[in-house]
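# Survey of secondary and tertiary structure
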Amino acid sequence: MAATPEQLAAAVEFLQELPGPWAVGRVTAQRYAPLLVESATAQGWELDDFLAAELTKNPGGAHNPQAALKTRIRDLVRRRRTRTVPAQADPPAHAYAQSPVAEVPPYCRHLDCDEVSRLRSGTDSNGLLQVSPCPECHPSRAGKSHTPV
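Each chain has its residues counted from 1, running along the sequence as written. A pLDDT threshold of at least 70 governs which residues receive local features in this predicted model, and a stricter bar of 80 or more applies before side-chain atom pairs are shown or counted, although totals over entire chains, interfaces and linings include all residues. With hydrogens and water excluded, all non-hydrogen atoms of the structure serve as input to the side-chain values.

### A few points about the pattern of salt bridges
Definition in use: By definition, a salt bridge exists where a carboxyl oxygen of Asp or Glu is found within 4 Å of a side-chain nitrogen of Lys or Arg. Helix numbers and strand numbers start at the N terminus; a helix is a DSSP run of H or I with at least 4 residues, a strand a run of E with at least 2.
Throughout the structure, instances matching the rule amount to three salt bridges. For aspartate 48, the salt bridge goes to arginine 79, with nearest N and O atoms at 3.1 Å. Residue aspartate 48 is found in the loop between helix H2 (26-43) and helix H3 (49-56), and its partner arginine 79 is found in the loop between helix H4 (65-74) and helix H5 (95-98); the two are separated by 31 residues along the sequence. Ionic pairing is found between glutamate 54 and lysine 57, a salt bridge with its closest N-O pair at 3.1 Å.

Right under this line is the structure:
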């Protein structure tokens, strides 16, 4: 099934809003958008913070984030595989849509935290860029206590 113009526009916007070195320009976003829509749809993802975190995780091994991004989109895992599920049986694909979702912590407004992806960027002791989930407001913190900033 071909992507709708609305889906492609949303994918272009999503790709351009990825954090730090993962964000792509308009031309690259337009080139990757059909692949992103097809892959995300087939694998049960929405264009949300969870997908952004999946595509930009483990940034240390990516020497060329834009090339790595295309590979990650092309080989996107099923969304339910990124969640903890019982090993004996996979729930039906619609089970997560019906499950209550834990409340996402409020955006922390830290200067190095991206409001959309909730990923923080900084440099390590070698001066290399590091991007990781924000310890205060990333969706993985849902349900955990947080300290307002």
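The rest of the description comes next.
### What about the environment of proline 65?
Counted only if it meets this: Residues count as neighbours in contact if any of their non-hydrogen atoms are within 4.5 Å of one another.
Among the structural elements, proline 65 can be located in helix H4. Spatially, the C-alpha atom of proline 65 lies 9.5 Å from that of glycine 20, the residues being 45 residues apart in sequence. Apart from residues lying up to four places away in sequence, proline 65 is in contact with Pro21 and Trp22.

### Comments concerning the nonpolar core
Taken as a class, soluble globular proteins show a tendency for nonpolar side chains to be buried jointly. Just so we agree on the cut-off: As used in this record, nonpolar core signifies buried Ala, Val, Leu, Ile, Met, Phe, Trp, Tyr and Cys residues forming a set joined through side-chain atoms within 4.5 Å. Type-normalised accessible area, obtained with a 1.4 Å probe on protein chains alone, sets the label of each residue: buried when under 20%, exposed when over 50%, and partly exposed for intermediate values.
Phe14, Leu15, Leu36, Leu51, Leu55 and Leu69 are the most contacted members of the largest nonpolar core, which totals 21 residues. Going through the elements one at a time, helix H1 (5-16), H2, H3 and H4 are the ones with two or more residues in this core. Considering each element in turn, this core owes the most residues, six residues, to H2. For phenylalanine 14, the residues in contact, after removing those within four places along its chain, are Leu36, Leu47, Asp48, Leu51, Ala52 and Leu55.

### Some words on H2
Our working rule: The span expected for a helix works out to 1.5 Å for each residue beyond the first. For a residue, the bend is simply the angle between two axes, fitted respectively to the seven-residue segment ending there and the seven-residue segment starting there.
For H2, built from 18 residues, the straight-helix expectation of 26 Å at 1.5 Å per residue is met to within 8% by its first-to-last C-alpha distance of 25 Å. By the largest-angle criterion, tyrosine 32 marks the main kink of H2, which is about 40°, and a proline, proline 34, follows within four residues. On its buried face, H2 is in contact with H1, H3 and H4.

### Thoughts on empty space enclosed by the protein
Stated formally: Grid points spaced at 1 Å over the protein atoms alone were grouped into cavities, where a 1.4 Å probe fits but cannot get out, and pockets, open sets with protein on both sides within 12 Å along at least five of seven lines, with lining residues defined by an atom within 4 Å of a point. Grid points are joined across faces, edges and corners, and a volume is the space filled by probe spheres set on the points. Think of it as three bins: nonpolar holds Ala, Val, Leu, Ile, Met, Phe, Trp, Tyr, Cys and Pro, charged holds Asp, Glu, Lys and Arg, and polar takes everything else, Gly as well.
Under the criterion given, the structure shown has one cavity of 30 Å³ or more. Approximately 30 Å³ is the volume attributed to the largest cavity. Forming the walls of the largest cavity are Phe14, Glu17, Leu18, Ala52, Val116 and Ser117. Grouping the constituent residues of the lining of the largest cavity by class yields four nonpolar, one polar and one charged.

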